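Residues per chain, in single letters:
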Amino acid sequence: MIELIPAIDLINGKCVRLTKGDYEQKKIYNENPVEVACEFERLGFERLHVVDLDGAKSQHVVNIDVLREITSKTSLKVDFGGGIKTNDDIEKAFTNGASMVTVGSIAVKQPELFLDWLDEYGAERMILGADVRNGMISVNGWKEDSTESLLPFLRKYIIKGVKNVLCTEISKDGTLTGPAIALYQEIMQEYPTLHLIASGGVSSNEDISALEQAGIPAVVFGKAFYEGRIDIDKLNLQNKEQHE
């Protein structure tokens, strides 16, 4: 069964979703993200992807208090990203309960620092964030496109030990138009042992099934859940049946 990872995106301590990473296209779904995390745990999820959108925009971690509250009030394995730019930021994330961190911009702009973190914290706790627009890696909360092309960017770090990659197709994110399956298949064909987490565009149970059939190991979803487009009971039933 594909690994199912619900997402909570944070702005001003609230649970929100953007469309294509546009901060002007913001929708607040819940004033209390801890409440949302507890609901995910109640529904049977074990993982949670938390994105500090304020942090991504301001170049340092901002919503650390929310992370601490989520990890202290649930047993969810939280991966935390957004604004992790310094040793202090990554230490704060782990100290406040993150099991893993997602790092993208630093891997583009300060590769030596990213590799230091990979060595210090281990590949199991590090997720390489690969946010893609027109085939190129985007950084700084998707405000800036780099000159790094996706597959060579991944190769550079996979040979250094990276095992986990979160790939978001920006043009799909928050649109509910279906995931970029061909893109993820291309990555898996190139790197078949990679634990690839697909992100962006998921709109239904059928999209998740399509990703699973394509051999994608994991998926992050948010808006489709908040908009009531995903039947969690049906997902859990499918998962149970596959494990019996």
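Everything below is about the structure shown above.
Residues numbered from 1 in each chain as written. Predicted model: local features only at pLDDT ≥ 70, side-chain atom pairs only at ≥ 80, totals over all residues. Heavy atoms only, no water.

### Structural notes on the packing of helix 4 (residues 87-95) against helix 6 (residues 111-121)
- Running from N to C, helix 4 and helix 6 point in directions that differ by 30°, and their axes come no closer than 12 Å. The two elements helix 4 and helix 6 cross, and the hand of that crossing is right-handed. Seen from helix 4, the contacting residues are Asn87, Ile90, Glu91 and Phe94; seen from helix 6, they are Leu113, Trp117 and Tyr121. (Axes fitted to C-alpha atoms, helices over the stretch in contact; angles between N-to-C directions. Helix = DSSP H or I, 4+ residues; strand = E, 2+ residues; numbered from the N terminus. Left-handed = near helix turned anticlockwise from the far one by under 90°. Contact = heavy atoms within 4.5 Å.)

### Digging into the pairing of strand 1 (residues 3-11)
- The element strand 1 is extensively covered by neighbouring structure, given that 8 of its 9 residues are classed as buried.
- Alignment of strand 1 against strand 12 (residues 218-221), held across 4 bridges, turns out to be parallel. If you follow Glu3 over to strand 12, its bridge partner there is Ala218.
- Of the strand pairs in this sheet, strand 1 and strand 4 (residues 47-52) are connected by 4 bridges, and their pairing is parallel. (Buried < 20%, exposed > 50% of the residue type's maximum accessible area, 1.4 Å probe, protein only. Pairing = 2+ DSSP bridges.)

### Digging into the pattern of salt bridges
- The final tally for this structure, using the stated rule, is 12 salt bridges.
- Asp88 is the partner of Lys92 in a salt bridge, and the nearest nitrogen-oxygen pair spans 3.7 Å. In this pair, Lys92 and Asp88 are both assigned in helix 4, 4 residues apart and thus about one turn of the helix distant.
- Given the relative accessible area of 35%, Lys92 is considered partly exposed.
- In the salt-bridge network here, residues are joined through shared partners; they are Glu3, Arg47 and Asp79. (Salt bridge = Lys/Arg side-chain N within 4 Å of Asp/Glu carboxyl O.)

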